[in-house]
Amino acid sequence: TRTTRPQRLLRAVIINAVRGDPDSVIRAIDHFCKHTEWAMNIGDEKGAILDSVVMETSPSTVLELGTYCGYSAVRITRLLPPSTRLITVEMNPDYACVARQVIQHAGLQDKVCVLEGQSADLIPKMAEMFGIQTFDFVFLDHWKDRYLPDIRLLEDCSLLAQGSVVLADNVVCPGTPDYLNYIRSNLNYRSRFYQAHLEYTRVLDGLEKSEYLGCRQGKRQ
Ligand SMILES: O=C(NC/C=C/[C@H]1O[C@@H](Sc2ccncc2)[C@H](O)[C@@H]1O)c1cc([N+](=O)[O-])cc(O)c1O
Ligand SMILES: [Mg+2]
């Protein structure tokens, strides 16, 4: 049977990237997506914004929803200090298998936990599973109709602290209107939009960064 796109992306990484060098893994995936086959990685333009937000947050606890092939897991983890771990949630076992190999090729396997399952099922177990209280940084890049229910679930599970930063991909394309409406009208968050383009295209897209301010009351009028 034919290979899948993630498998073809992994092969490009193995052939073209230097083992143990995260930046060469990122370059190999971006080259593959620009010249061979488009894939839904955050990409180099939005990836640079992700990098800057991670660096300014310098998080100790990091959660990603939607691993796919591991591109953003490599981008994020390469910037984390030695003792910090990334937990990334992926419900498709084939994608999770490819992502683990991409992350391993980058030499970051000891700093990343690829958790297989649905975010809705795993978020309530995070604190107990990993012995953490809150996440300093959360990256949303999974099903677009899961952004809103999952941010609410993170709140309900008290997994956000004052100063926690939530960064959401694709708030323009494919779009996450219910999430944007919620987060921009909620006094518990201060949000900022970063205009960019859909990975490897000229289509408009963007990232929404939202800082959790702690539990205040009410909605913005
Ligand atoms: O659809 C998009 N992303 C959905 C991503 C989904 C990823 O997350 C899980 S779902 C899951 C994981 C964890 N828990 C619950 C569900 C899927 O197995 C996939 O690995 C998308 C689409 C475009 N585009 O241009 O069409 C561009 C993008 O940047 C995108 O991110
Ligand atoms: Mg995306």
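Along each chain, residues carry numbers from 1 onward, in the same order as the chain's sequence is written. To read the labels, note that chains go from A and ligands from 1, taken in the order they are written. Totals for whole chains, interfaces and linings use every residue, but because this is a predicted model, local features are given only for residues with pLDDT of at least 70 and side-chain atom pairs only at 80 or more, for both listing and counting. As a convention, hydrogens and water are excluded, and side-chain values are obtained from all of the structure's heavy atoms.

(A) Seen up close, the overall build of the chain. The secondary structure listing takes helices from DSSP runs of H or I that are at least 4 residues long and strands from runs of E that are at least 2 residues long, numbered from the N terminus. Across its full length, the chain holds 10 helices and seven strands. The atom set for the radius of gyration is the C-alpha atoms, and the globule formula is 2.2 Å times the number of residues raised to the power 0.38. Its C-alpha atoms give the chain a radius of gyration of 17 Å, near enough to 17 Å, the size a compact globule of 221 residues would have. Counting over 221 residues, the chain shows a buried share of 54%. Restricting to contacts in the chain with at least 6 residues of sequence separation, those with at least 24 account for 73%. Here the chain displays about 10,300 Å² of accessible surface, and carbon together with sulfur accounts for 51% of that area. Each charge class in the chain was averaged separately, 25 positive and 27 negative side chains, and the resulting centres sit 3 Å apart. When a residue's accessible area, from a 1.4 Å probe over protein chains only, is under 20% of the maximum for its type it is buried; when over 50% it is exposed; and in between it is partly exposed. Every residue pair with non-hydrogen atoms within 4.5 Å of one another is taken to be in contact. Using a 1.4 Å probe, the Shrake-Rupley method yields the accessible areas, and only the shown protein chains count as cover for residues. Working convention for charge: Lys and Arg count positive, Asp and Glu count negative, and His plus the chain ends are omitted. Here the site of a charge means NZ on Lys, CZ on Arg, CG on Asp, or CD on Glu.

(B) Structural view of the environment of G20. With respect to the secondary-structure elements, G20 resides in the loop between helix 1 (5–16) and helix 2 (22–35). Judged by its relative accessible area of 47%, G20 falls in the partly exposed class. Along the chain, G20 and Q104 lie 84 residues apart, while their C-alpha atoms are 7.8 Å from each other. In contact with G20, other than residues within four places in its own chain, are H105, A106 and G107.

(C) Structural context of unusual backbone geometry. Cis geometry marks the peptide bond from C173 to P174; its omega dihedral reads 5°. Looking at the element boundaries, P174 is found in helix 9 (residues 171–175). The backbone of S158 shows a phi angle near 55°, a positive value even though the residue is not glycine. The topology assignment puts S158 in the loop between helix 8 (147–156) and strand 5 (160–168). Backbone geometry at N170 places phi at a positive 65°, although glycine is not the residue there.

(D) View of the environment of F193. Summarising the element assignment, F193 is placed in strand 6 (residues 189–197). For the pair formed by F193 and V171, sequence separation is 22 residues and the distance between their alpha carbons is 8.9 Å. When neighbours within four sequence positions are excluded, F193 is seen to be in contact with V171, V172, R184, D205, G206, L207 and E208.

(E) Geometry of the coordination of the magnesium ion (ligand 2). Any N, O or S atom lying within 2.8 Å of the metal counts as a donor, and for Na, K and Ca the limit rises to 3.2 Å; water is left out, so some sites can look incomplete. Within the protein, D141 (OD), D169 (OD) and N170 (OD1) serve as the donor atoms for the magnesium ion (ligand 2), at 2.0 to 2.2 Å. Going along the chain, you hit the donors of the magnesium ion (ligand 2) in the pattern D-x27-D-N. The class of D169 is buried, set by a relative accessible area of 0%. N170 sits in the buried class, given a relative accessible area of 4%.

(F) Representation of the packing of helix 1 against helix 5 (residues 93–105) in the model. Orientation is described by axes fitted as lines to C-alpha atoms, over the contacting stretch for helices, and by angles from 0 to 180 degrees between their N-to-C directions. Contact geometry of helix 1 with helix 5 gives a least axis separation of 10 Å together with a crossing angle of 10°. Considered as vectors, helix 1 and helix 5 are oriented roughly parallel to each other. Contact with helix 1, carried on its side by P6, Q7, L9, L10, V13 and I14, involves Y95, V98, Q101, V102 and H105 of helix 5 and no other residues of that element. Looking at the contact of helix 1 with helix 5 residue by residue, the class counts come to eight nonpolar, three polar and no charged. Orientation categories follow fixed angle ranges, with anything under 35 degrees roughly parallel, anything over 145 roughly antiparallel, 65 to 115 roughly perpendicular, and all other angles oblique. All amino acids are sorted into three groups, where Ala, Val, Leu, Ile, Met, Phe, Trp, Tyr, Cys and Pro are nonpolar, Asp, Glu, Lys and Arg are charged, and the leftover types, Gly among them, are polar.

(G) Region of interest: the state of the cysteines. Counting rule for disulfides: a pair of cysteine sulfur atoms within 2.5 Å. Evaluated as defined, the whole model comprises zero disulfides. The thiol of C113 is unpaired, and the distance to the nearest cysteine sulfur, on C97, comes to 15 Å. The structure places no disulfide on C157, whose sulfur is separated from the nearest cysteine sulfur, that of C215, by 14 Å. Residue class for C157 comes out partly exposed when judged on its relative accessible area of 26%.

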